Amino acid sequence: MSSNSVAGLPLSSIPIFQTVASYREWRRRAYDEKKSVGFVATMGALHDGHASLVRRSLAENDLTVVSIFVNPAQFAPHEDLATYPRTLPHDLDVLSSLSHSVPGSSITRSPSALFLPTVNEMYPSGITQDKLAQKGTFVEVKGYGHQMEGSRRPDFFRGVATVVTKLFNAIEPSRTYFGQKDIQQALLLRRMVRDLLLSHPTLENLFIVPTKRSVVLSNLLSRAHVFYVCRDAKSSLALSSRNAYLTPSERELAAPTLYAALQAAKTCWESGSSKAEVIANAYNLVERKAQELSSLETRIDMRLDYLEMNDPETFEVVPGEETRSAWELEGHNRPVILSGAMWVGRTRLIDNVVLGDVARLGIIA
């Protein structure tokens, strides 16, 4: 049903579905008409990174569905569930502004539906942030949720796997799109789709979209359509809904440091340094910048949470003595994930760089 007929929701040209039952009626018609459905899952507070995923879906599917759901199961009791940005009027404006002209035709696609479920709709058995008190069915990808981000947020990926499974079951997407910024999440979901033998989407139709600054518009004379607007054009800061927490000075002076550290580490790795040297170099860069910021008249607190290099297949830490040439000589046919998290004031930022051929991870423009 559209927002025009739902009390309390902003007016929108995009049909809004708040229940699985109402959405499935719409989805059944898409099946009957043999139309493909692209899907972008979000928690709202949409930015240009989300928009790039939606544009990709518009270019590759007859219909595109976006979901907005702030998932309680992926927030620990001490995290920011209550204060996470909720900006539905803004989000509807963003979605309404997006469109794609199909090359060689008069067809223009725009977002087809918004799935906006309530917490009760998504968790019929109820949900609490206290894992020990939770009841009902949850999904866990064993052995892959405790490394990298999981080492800092132990139950995060259990919550993500659970809600995305529910969303896939509800939406039944032909194709779905996730951003490289959350690289561990995207790779874990690809494994989950494979392990659970899902048909909507299949493994081959879960796409990881690169995090880049450049923008290449659709080529109207061919099927080429690449959209990258996932970094701030000036600072290269990875776009995130939580960037809204940053003060102007934090955003300008401190936030770009994480990406700068990742780039310095990448240069070190490519020049032949050991993994231990690579990480030490990046830590030193952040420490120097933190000291500089702490001496300002308006002090800015910044600290690295972690910065690490991991095997994308197992998520295990790359040994400290490993070098790029040794990694390749050992027969590894996959790149290395270089990722990190950093606190700037009260805001936690994450980012990553893939060292090697990103296509081997399913990251395809």
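Residues numbered from 1 in each chain as written. Predicted model: local features only at pLDDT ≥ 70, side-chain atom pairs only at ≥ 80, totals over all residues. Heavy atoms only, no water.

## Considerations on the overall build of the chain
Assigned secondary structure in the chain consists of eleven helices and eleven strands. Against the globule reference of 21 Å for 365 residues, the chain gives a C-alpha radius of gyration of 21 Å, in line with a compact fold. A principal-axis box enclosing the C-alpha atoms of the chain has dimensions of 55 × 45 × 40 Å. Within the chain, the proportion of its 365 residues that are buried is 53%. In the chain, the share of contacts with a sequence separation of at least 24, taken over all contacts with a separation of at least 6, comes to 71%. (Helix = DSSP H or I, 4+ residues; strand = E, 2+ residues; numbered from the N terminus. Rg over C-alpha atoms; globule rule 2.2 N^0.38 Å. Buried < 20%, exposed > 50% of the residue type's maximum accessible area, 1.4 Å probe, protein only. Contact = heavy atoms within 4.5 Å.)

## Topic: helix H6 (residues 156-171)
Here H6 spans 22 Å end to end across 16 residues, near enough to the 22 Å set by a 1.5 Å rise per residue. Buried residues dominate H6, accounting for 14 of its 16 residues. After H6 finishes, the residue Glu 172 shows a positive phi value of roughly 55°. (Expected span 1.5 Å × (residues − 1).)

## A short note on the layout of surface pockets
A probe matching the size of a water molecule, rolled over the atoms, marks out where space remains unfilled. Of the pockets and cavities examined, the second largest pocket occupies roughly 350 Å³. Lining of the second largest pocket is provided by 15 residues; of these, Leu 187, Arg 190, Arg 191, Pro 312 and Glu 313 occupy positions nearest its centre. Looking at the lining of the second largest pocket, its residues break down into seven nonpolar, two polar and six charged. Two domains each provide a minimum of three residues to the lining of the second largest pocket, namely domain 1 (16-209) and domain 2 (213-361). (1 Å grid on protein atoms, 1.4 Å probe; cavity = no way out; pocket = protein on both sides within 12 Å on 5 of 7 lines; lining within 4 Å. Points joined across faces, edges and corners; volume = space filled by probe spheres on them. Nonpolar A, V, L, I, M, F, W, Y, C, P; charged D, E, K, R; others polar. Domains from an automatic or database assignment.)

## What to know about the sheet that holds strand S10 (residues 336-344)
Within the open sheet, the three strands sit side by side as S9-S10-S11. Their pairing is antiparallel. Sheet topology places strand S9 (302-310) and strand S11 (347-355) at the edges, where each strand pairs with a single neighbour. Each strand of the sheet is rotated relative to its neighbour by a mean of 15°, with strand direction disregarded. By the bridge criterion, eight bridges tie S9 to S10 in an arrangement that is antiparallel. Paired with Met 309 across the two strands is Leu 338, which belongs to S10. Docked against the sheet, helix H10 (residues 275-294) engages S9 and S10, running at close to 165° with respect to S9. (Pairing = 2+ DSSP bridges. Axes fitted to C-alpha atoms, helices over the stretch in contact; angles between N-to-C directions.)

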